[in-house]
Number of protein chains: 2
Amino acid sequence: MYSQTIKRIVPMADWLPRYAKSDLPGDVIAGGIVAVMLVPQAMAYAMLAGLPPQVGLYASILPLVAYSALGSSRALAVGPVAIASLMTASALGAIVEAGTVNYVAAALILAALSGFILLAMGIARLGVLVNFLSHPVISGFTSAAALVIGVSQLKHLLGIDVPRGGTFTDTLAAIAVRLGDTNLTAASLGLGTIAVLLAMRGPFGRGLSRLGLPSAIVTPATKTGPLAAVALTTLAVWLFELDRSAGVAIVGHIPAGLPPLGLPSFDTALWADLLPAALLISIGGFLESVSVAKALASKRRQKIDANQELVALGTSNIAAAVSGGYPVTGGFSRSVVNFTAGANTPLAALITAALIAVTVVALTPLFHYLPRATLAAVILVAITNLIDLKTLRDTWTYNKADAASLAATFLSVLIAGVEAGIVFGLAVSLALYLWRTSRPHIAVVGRLGETEHFRNITRHTVQTTPGVLALRVDESLYFANASYLEDYLLRAIADDKSIDHVVLICSAVNFIDASALETLEDVISRLRDAGVTLHLAEVKGPVTDKLQRTAFLEHLSPGKMYLSTHDAMRALASGKAPTTA
Amino acid sequence: MYSQTIKRIVPMADWLPRYAKSDLPGDVIAGGIVAVMLVPQAMAYAMLAGLPPQVGLYASILPLVAYSALGSSRALAVGPVAIASLMTASALGAIVEAGTVNYVAAALILAALSGFILLAMGIARLGVLVNFLSHPVISGFTSAAALVIGVSQLKHLLGIDVPRGGTFTDTLAAIAVRLGDTNLTAASLGLGTIAVLLAMRGPFGRGLSRLGLPSAIVTPATKTGPLAAVALTTLAVWLFELDRSAGVAIVGHIPAGLPPLGLPSFDTALWADLLPAALLISIGGFLESVSVAKALASKRRQKIDANQELVALGTSNIAAAVSGGYPVTGGFSRSVVNFTAGANTPLAALITAALIAVTVVALTPLFHYLPRATLAAVILVAITNLIDLKTLRDTWTYNKADAASLAATFLSVLIAGVEAGIVFGLAVSLALYLWRTSRPHIAVVGRLGETEHFRNITRHTVQTTPGVLALRVDESLYFANASYLEDYLLRAIADDKSIDHVVLICSAVNFIDASALETLEDVISRLRDAGVTLHLAEVKGPVTDKLQRTAFLEHLSPGKMYLSTHDAMRALASGKAPTTA
């Protein structure tokens, strides 16, 4: 029992002792490929976040170890990712100056805060909270964030000097104005890298597949593109001294050695300032992470525990905070590569971490002449996957309200920035849901033929009973729609003076809150004043239980609660001839 | 047609030309009684708002004229009210210093802003928006606001000096510390007034009723109490010079003459600062007003148009802004008095306005020696009606979530102030609703006897079919509950390996949003991977229409959409013997 608990809290205690030798080749290959992919990405994303490149590498060592110990996914590859890097830049840019020591220290605090938030949510089992971000909001946010990232990289790609900060449109305008300043050498290196990467992903991959190679070889092979581009362009800059002769911006000196361990500074004002951003980064990162983990797990019939993932990602971020990193989460494409390259257990992530550690200790001088345009190209190609027009099109066909919340999120990210954008998108999607439920569908129903079924009189040929109005309300009754129902009922009896009885069919009413109960009691009195009796039918068990705790049934009298619409109509129709509507 | 439009926009054009002489006596008496009640209340509420007493009187002239022209209620008595005055004090106190000219000017801006907000909402027909404030939130807010008002008046009642501003608990603590400073003369006048007012309302009213007098005389007669108390205590202060000899705080000099007409100052920064408070005051005032108007109208089978009320109250507030007033709305007890005293048309309000105008022109010297303790007593007695413990008790019995939002609103008003309190209450009630719908009730159902009805297996003795799981989900499917359903379904098939078919009964599903549709398609794939087929039954017409616009039915295949659960179970049970659960 005791060891079961440990295995639940630390999944590594489950898989490591019974590690099968046969899993080793897959883990080693996958771990190596991910490392090859991660080195340029980690540096690029760190620079996107406004941090020195080594911070991205530091964030790819200890956090991976922490996740491999605690994570419930076997294939998730944790580390720096594009959107969390953008949000880090946005959060820190608003508070401290980019490039200063303070900025690096603030990134550690951001990672620590994100870690504590995720850990606390996991311990409180609040994984369900993330369900309140709807898919259209996530899709609109991701597409817009990808555009923002893309524009932020254009200046590096073209070698143009543009002030940091400012919204999407500011940056775009600044680049347009300075387009004449383009450094043609840097742009050639950058655009060349893009061409190579797209070729690796498209024609090269298809060619390998056509040769009959399995996808376990093809997918990883195409992912070596970034490292190849890094090697070639770095070599070019070094050989031809392009940094001095042509003014190509390079990464420059990267300190060698393992990341410095230490606690982030306890500047409480800074912690408080960064809290809202940390909340958004941690929830956003968790969403990205858990969705890719679930997708990969279901392919192998494994299970992902959302709350365990919160704990694991929280610990990973705390690990990033004590080892010179910045906020991390599970990356989409990297995890897919890890999975496809054959990762069987989290040992693959430990191998990746070891290789990155070797890189920071021994290989950093190799990246001195790496052009920034190459890193920008790596990011630009990586984010094209994030722009998702298909969801917008599909959503528009299916449901205009969902499409509106997608578009609102998208536009507000571009106009107001990533943080305001996601909050606004969340608010819009909740508001649209409340608006929808505040105006419920109400159908006048009649008897279908000689059956006991009652359906909408506008959709079916049905029989109604004179003087009896049977209404089916297709929504739970709560404060936001109680007056809508009230107005509907009062208008209905004002429009048709012959009505003596109204039957409210509650088959779709899953609860009645206190406001709606009060309104219902008012309606009963007003109908009674007008000589009309209200009855209820098909009230569900849990709703009936609650109503019986109140004086509602006395209010309803002489109206009754009928088990079925059929019972109600039979009782009220006695002596009246039905009419066909 | 043209004149119909005018009558719809300006109801006065409807009732005034066909005014019946027989309505005059009722209107004159009601108008007079309301004026008698309004004079002390208007001064008291203005002082509660931190304004000079004459501002309350000014706010009781033009706004009443505006409402009588545009309002759809025949009995609503507009003017200064307790809660809007408290909110005015809270909004202005945070921005400008009480008692300064600036403060009075800011009150005009607040009235203008409230007026424009209400008018804009009326023109945009947004009257329905107020439905999003649930009854428990309103009840909790009102009770707490009454307590805050009560405590703010205690210092005047006892003649203690306490700094303005600060929260409920601050003020309470300050009074407790200075209790020894009580001015016994002032306190005697105040407590005496309270005793008289309570006696008038209780034993005196019951006595008159026992004499067989109709309530049209009794109710107004009991409402002359405040004016009588004002007259007696003022006389006492004047005769015995209590202001000088005993230090009783008096109202002092009130300038005579009609209110100064003029536009409020256009200080844009101040307008922007006051906007959030104006929004809360206008919506809060509208809610109070429309609920009393509706209650009175239904007693005479008249109708209230919420959007017309927004226009009328908006115009009344603009009238207050240009005539030296402050935010006004329809008051509860005053409207009831107006109605009970026999007001037949809005002419009663015009008569009240005329009498108040006479008061400010000729009678203000009479109020010089009016003790502030008397006005505090008038307010204290008036607000006892606002404290509503019954709703808390009833709500607790009926629905814990509603009771929680009531209690949260109540406590946050006391702790954080009126504005933060109502926003917090609103947020809590929406969050609880979303939380409830995010965890829908899901029932496993079976066939009831030999019928075509399928009910919950835990509540009824029903027959189930081996290998077929029939689930009824009692909520519309949307982003917040899609993963809940997903987890439920995956757990269900993991727990019972014998399941081949799952039938999802959608009789209570009123819509499926884009997120839920995507999740449902994922679930179908995962169930298929596990060898289980998902079917739907009893999908409503509007939901089916939308699903048919997408590729959902192809995803569902080989699963089917059945018209009824009966059809689904008959098709899936072929060759299997039913089991009794």
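Coordinates for the structure precede this section.
Owing to the predicted nature of the structure, the values given are computational and were not obtained by experimental measurement. (Residues numbered from 1 in each chain as written. Chains lettered and ligands numbered in written order. Predicted model: local features only at pLDDT ≥ 70, side-chain atom pairs only at ≥ 80, totals over all residues. Heavy atoms only, no water.)

**Things to note about the relation of the copies chain A and chain B**
Operational definition: Only residues with pLDDT of at least 70 in both copies contribute their C-alpha atoms to the least-squares superposition of the copies. The contact criterion used throughout is that any non-hydrogen atoms of two residues lie within 4.5 Å.
Superposing chain A onto chain B takes a rotation of 180 degrees plus a shift of 0.0 Å along the axis, which leaves an RMSD of 0.1 Å. What we have between these two chains is a two-fold relation. Considering only C-alpha atoms, the residue of chain A closest to the rotation axis is Ala508(A), which sits at 2.2 Å. The share of interface residues of chain A whose copies in chain B are also at the interface is 100%, consistent with both copies meeting through the same surface.

**Topic: helix H26 (residues 565-572) of chain B**
All names here are of chain B. Using the following cut-off: For every residue, the accessible area obtained with a 1.4 Å probe (protein chains only) is divided by the maximum for its type, and the residue is called buried under 20%, exposed over 50%, and partly exposed between those limits. The numbering of helices and of strands both runs from the N terminus, where a helix is a DSSP run of H or I of at least 4 residues and a strand a run of E of at least 2. Within this analysis, the arc is defined by the directions that extend from the helix axis to the C-beta atoms.
Those residues of H26 lying buried are Thr565, His566, Ala568, Met569 and Leu572. Projected onto a plane normal to the axis of H26, the buried residues spread over an arc of 165 degrees and lie on a single side. Contacts made by the buried residues of H26 are with strand S3 (442-448), strand S4 (454-456), strand S6 (468-473), strand S7 (501-505), strand S8 (533-537) and strand S9 (561-562).

**Some points on the side chain of Gln153(B)**
Residues and elements named next belong to chain B. So the rule is basically this: Polar contacts, as used here, are pairs of N or O atoms within 3.5 Å; protein pairs need one atom able to donate a hydrogen and one able to accept it. Residues neighboring in sequence count only if both atoms are side-chain atoms.
Structurally, the position occupied by Gln153 is in helix H8 (residues 135-158). Under the relative-accessibility criterion, Gln153 is labelled buried at 5%. Engagement of the side chain of Gln153 in a polar contact is seen with the side chain of Ser152, the distance being 3.2 Å. Residues contacting Gln153, with those up to four places away along its chain left out, are Leu48, Ala376, Ile379 and Leu380.

**Observations concerning the pattern of salt bridges**
Definition in use: Here a salt bridge means any side-chain nitrogen of Lys or Arg lying within 4 Å of a carboxyl oxygen belonging to Asp or Glu.
By the definition in use, this model includes 16 salt bridges over all chains. Across the salt bridge formed by Asp545(A) and Arg459(B), the nearest N and O atoms sit 3.1 Å from each other. Taken together, the positions of Asp545(A) in helix H24 (residues 541-547) and Arg459(B) in the loop between S4 and strand S5 (462-464) put the pair across two chains. The partner of Arg570(B) in a salt bridge is Asp567(B), and the shortest N-O contact between them spans 3.6 Å. Of this pair, Arg570(B) and Asp567(B) both sit in helix H26, separated by three residues, roughly a single helical turn.

**So, the packing of aromatic side chains**
To keep things clear, this is the line we draw: Stacked, edge-to-face and tilted are the three classes for Phe, Tyr and Trp ring pairs, Trp counted by its six-membered ring, which pair at centre distances within 6.5 Å; planes under 30 degrees apart are stacked, over 60 edge-to-face, the rest tilted. When the NZ atom of lysine or the CZ atom of arginine is within 6 Å of a ring's centre and also within 35 degrees of its normal, the charge is said to sit over that ring.
Within this structure, the stated rule accounts for nine aromatic pairs over all chains. When the centroid spacing of 3.7 Å and the interplanar angle of 5 degrees are considered together, the rings of Tyr478(A) and Tyr433(B) count as stacked. Of this pair, Tyr478(A) sits in the loop between strand S6 (468-473) and helix H22 (479-495) while Tyr433(B) is found in helix H21 (residues 418-438), placing the two residues in two different chains. Ring centres 5.0 Å apart and planes at 70 degrees place the aromatic pair Tyr478(B) and Phe479(B) in the edge-to-face group. With respect to burial, Tyr478(B) and Phe479(B) carry one shared label: buried. Cluster of aromatic residues (ring-pair linked, three or more members): Tyr433(A), Tyr478(A), Phe479(A), Phe511(A), Tyr433(B), Tyr478(B), Phe479(B) and Phe511(B). Positioned over the ring face of Phe511(B) is Arg436(A), at 4.0 Å from the centre of the ring.

**A word on the interface of chain A and chain B**
What counts here: By buried area we mean the combined loss of accessible area, with a 1.4 Å probe, across both parts when two parts are placed together. We call Asp, Glu, Lys and Arg charged. Ala, Val, Leu, Ile, Met, Phe, Trp, Tyr, Cys and Pro are nonpolar, and the rest, Gly among them, are polar.
Each side of the interface is counted separately: chain A has 59 residues, and chain B has 59 residues. When the two sides are added together, the surface that chain A and chain B hide from each other amounts to roughly 5300 Å², 55% of it contributed by carbon and sulfur. Of all residues in chain A, Tyr398(A), Tyr433(A) and Phe479(A) bury the most surface against chain B, accounting for 16% of the area lost on that side. Where chain A packs against chain B, one counts 17 residue pairs in polar contact (both at pLDDT 80 or more). Where the side of chain A that touches chain B is concerned, the elements lending two or more residues are helix H8 (135-158), helix H14 (268-299), helix H19 (389-398), helix H21 (418-438), H22, helix H23 (514-529) and H24 of chain A. Looking at the side of chain A that touches chain B residue by residue, the classes come out as 20 nonpolar, 20 polar and 19 charged.

**Observations regarding helix H5 (residues 62-70) of chain B**
Given 3.6 residues per helical turn, the α-helix brings residues three or four places apart onto the same face. Within H5(B), seven of the nine residues are buried, leaving the element largely enclosed by the surrounding structure. Among the residues of H5(B), Pro63(B), Leu64(B), Ala66(B), Tyr67(B), Ser68(B), Ala69(B) and Leu70(B) are the ones counted as buried.

**Some thoughts on the side chain of His501(B)**
Residue and element names in this part refer to chain B. Checked against the element boundaries, His501 lands in strand S7. Residue classification places His501 among the buried positions, given a relative accessible area of 18%. With residues up to four places along the chain from it excluded, the contact list for His501 reads Gly467, Val468, Leu469, Val532, Thr533, His535 and Leu572.

**Topic: the pairing of S8(B)**
Residues and elements named next belong to chain B. For clarity, the threshold we go by: Handedness of a crossover is defined as follows: orient the strands so they point away from the viewer, and if the path from the first strand over the helix to the second runs clockwise, the crossover is right-handed. Should DSSP find at least two bridges between two strands, the strands are taken to pair.
Within S8, five of the five residues are buried, which leaves the element mostly enclosed by the surrounding structure. Alternating positions in S8 separate into two faces, Thr533, His535 and Ala537 on one and Leu534 and Leu536 on the other, with burial throughout. A crossover connection joins S7 to the parallel S8 through helix H23 (residues 514-529); in handedness this β-α-β unit is right-handed. Across two bridges, S8 lies against S9 in parallel orientation. Its bridge partner being in S9, Leu536 is matched across the sheet by Met561.

**Let's talk about the packing of helix H10 (residues 184-210) of chain A against helix H12 (residues 225-240) of chain A**
A pair of packed helices is captured by two measures, namely the crossing angle of their axes and the spacing between those axes. Residues and elements named next belong to chain A. Put simply, the rule is: Axes here mean lines fitted to C-alpha atoms, for a helix over just the part in contact, with angles spanning 0 to 180 degrees between N-to-C directions. Angle categories are assigned with fixed cut-offs, so that under 35 degrees is roughly parallel, over 145 is roughly antiparallel, 65 to 115 is roughly perpendicular, and the rest are oblique. Crossing handedness: left-handed means the near helix sits turned counterclockwise from the far one by under a right angle, and right-handed means the same turn made clockwise.
Between H10 and H12, the shortest axis-to-axis distance is 9 Å and the interhelical angle comes to 155 degrees. By the angle between their axes, H10 is roughly antiparallel relative to H12. Considering how the two elements wind past one another, H10 and H12 form a crossing that is right-handed. Along its contact with H10, which presents Leu189, Thr193, Leu197 and Met200, the element H12 presents Gly225, Pro226, Ala229, Thr233 and Val237. When grouped by side-chain class, the residues that make up the contact of H10 with H12 number six nonpolar, three polar and no charged.

**Some points on unusual backbone geometry**
Cis geometry is found at the peptide bond from Ser557(A) to Pro558(A), where omega equals 10 degrees. Relative to the elements of secondary structure, Pro558(A) occurs in the loop between helix H25 (552-556) and strand S9 (561-562).

**A closer look at the nonpolar core**
Condition: Throughout this description, the term nonpolar core refers to a set of buried Ala, Val, Leu, Ile, Met, Phe, Trp, Tyr and Cys residues connected via side-chain atoms within 4.5 Å.
In terms of nonpolar packing, the biggest core is built from 112 residues, with Met43(A), Leu51(A), Leu92(A), Leu110(A), Ile149(A), Leu274(A) and Tyr326(A) touching the most fellow members. For this core, the leading source of residues is H14(A), giving 14 residues. Residue contacts for Met43(A): discarding those within four places in its chain leaves Pro53(A), Leu57(A), Ile254(A), Phe367(A), Leu370(A) and Leu375(A). Judged by nonpolar contacts, the second largest core, of 110 residues, contains Tyr58(B), Ala59(B), Leu70(B) and Leu157(B).

**A word on the pairing of strand S8 (residues 533-537) of chain A**
A regular strand carries its side chains on alternate faces of the sheet. Note that strand S7 (residues 501-505) of chain A and S8(A) share five bridges and pair parallel. In the strand pairing of S8(A), Leu504(A) is matched with Leu536(A).

**A few points about a nonpolar patch on the surface**
The following threshold applies: Grouping into patches uses exposed residues only, defined as over 30% relative accessible area, and leaves out salt-bridged ones; the cut-off is 9 Å for like charges and 5 Å for nonpolar side chains (Val, Leu, Ile, Met, Phe, Trp, Tyr). Under the convention used here, a 1.4 Å probe and the Shrake-Rupley method define accessible areas, while residue burial counts only the protein chains that appear.
On the surface, Leu126(A), Val128(A), Leu129(A) and Trp435(B) cluster together into a nonpolar patch covering about 300 Å² of accessible area. Look at Trp435(B) and you get partly exposed, because its relative accessible area is 35%.

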